[in-house]
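Now for the letters of each chain:
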Amino acid sequence: MAEDFNASKPIYLQLADRINRQILRKELETGQKLPSVREMAIQSGVNPNTVQRTYSELERMGSVESKRGQGTFVTEDQSVLNQLRRRLKKEQISSFFEDMKEMGFTADEMISGLEEYISDEERGETND
């Protein structure tokens, strides 16, 4: 099944982000083998060269390790996974902060809004 991609960011980076998120959510376990390049290309609806570039980028980041003749596997190095978790959290917070700042919200308004949102979520409320 082909995936939807955002035109503003290279597809290989979007695929890398999706795989990293699957790793953090433990949908892909440490040491687990990723689909072959060809399989992932078919699943994602992209060119195999794009998947190869994605896997190369993930390996550069340390999220995965290639084993010659065996395939590509999720790293078992917990420090790399912890670093990945911190990096993705910081990216999300940075994006949120920049968007809110652009709309004119102060830091205090952002913090109180987050606290209110979290409180509502914990109570199961979905008010806008």
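Above this note sits the structure.
So, how was this worked out
- Residues numbered from 1 in each chain as written.
- Predicted model: local features only at pLDDT ≥ 70, side-chain atom pairs only at ≥ 80, totals over all residues.
- Heavy atoms only, no water.
- Helix = DSSP H or I, 4+ residues; strand = E, 2+ residues; numbered from the N terminus.
- Rg over C-alpha atoms; globule rule 2.2 N^0.38 Å.
- Buried < 20%, exposed > 50% of the residue type's maximum accessible area, 1.4 Å probe, protein only.
- Pairing = 2+ DSSP bridges.
- Phe/Tyr/Trp six-rings, centres within 6.5 Å; stacked < 30°, edge-to-face > 60°.
- Lys NZ or Arg CZ within 6 Å of the ring centre and 35° of its normal.
- Salt bridge = Lys/Arg side-chain N within 4 Å of Asp/Glu carboxyl O.
- Patch = residues over 30% accessible without salt bridge, like charges linked within 9 Å, V, L, I, M, F, W, Y side chains within 5 Å.
- Areas by Shrake-Rupley, 256 points an atom, 1.4 Å probe, with all protein chains shown as cover.

J.: Describe in detail the overall build of the protein chain, supporting the description with residues and values.
T.: Helices and strands together make up the secondary structure of the protein chain, namely five helices and two strands. Secondary structure elements of the protein chain occur, N-terminal to C-terminal, as α-α-α-β-β-α-α. In terms of overall size, the protein chain is more extended than a compact globule, its C-alpha atoms giving a radius of gyration of 18 Å where 128 residues would be expected to give roughly 14 Å. With the principal axes as the frame, the protein chain shows a C-alpha extent of 55 × 30 × 25 Å.

J.: Requested: an account of unusual backbone geometry, with residues and values cited.
T.: Phi at Lys26 is positive, roughly 65 degrees, even though this residue is not glycine. Within the element layout of this structure, Lys26 appears in the loop between helix H1 (11-24) and helix H2 (37-44). Owing to a relative accessible area of 54%, Lys26 belongs among the exposed residues under this scheme.

J.: Before we move on, could you go through the pairing of strand S2 (residues 71-74) and cite the residues and values that matter?
T.: When strand S1 (residues 64-67) meets S2, the two strands line up antiparallel, connected through four bridges. Bridged to Lys67 within S2 is Gly71. Taken together, S1 and the strand that follows it, S2, pair antiparallel across an intervening segment of three residues, in which Gly69 is found at a positive phi of about 80 degrees.

J.: Lay out the packing of aromatic side chains in plain terms, naming residues and giving numbers.
T.: Under the criterion given, the structure shown has zero aromatic pairs. The ring of Tyr12 has Arg53 sitting right over it, with the charged end atom 4.0 Å from the ring centre. Seen from the ring of Phe73, Lys67 lies directly overhead, with NZ or CZ sitting 4.6 Å from the centre.

J.: Explain the pattern of salt bridges to me, using residue names and the numbers behind them.
T.: Close approach of charged atoms allows side chains of opposite charge to pair. Under the criterion given, the structure shown has six salt bridges. In this structure, the salt-bridge partner of Asp17 is Lys9, at a minimum N-O distance of 2.4 Å. For Asp120, the salt bridge is made with Arg123, and the minimal N-O distance between the two is 2.7 Å. Of this pair, Asp120 and Arg123 both sit in helix H5 (residues 107-123), three residues apart, roughly one helical turn.

J.: Can you break down a nonpolar patch on the surface residue by residue, with the values?
T.: A surface patch of nonpolar side chains, about 460 Å² in accessible area, is lined by Phe96, Phe97, Leu114, Tyr117 and Ile118. At the level of elements, helix H4 (78-102) and H5 are the ones that each hand at least two residues to the nonpolar patch. No other element matches H5, which puts three residues into the nonpolar patch. With respect to the helices and strands, the residue Phe97 is situated in helix H4.

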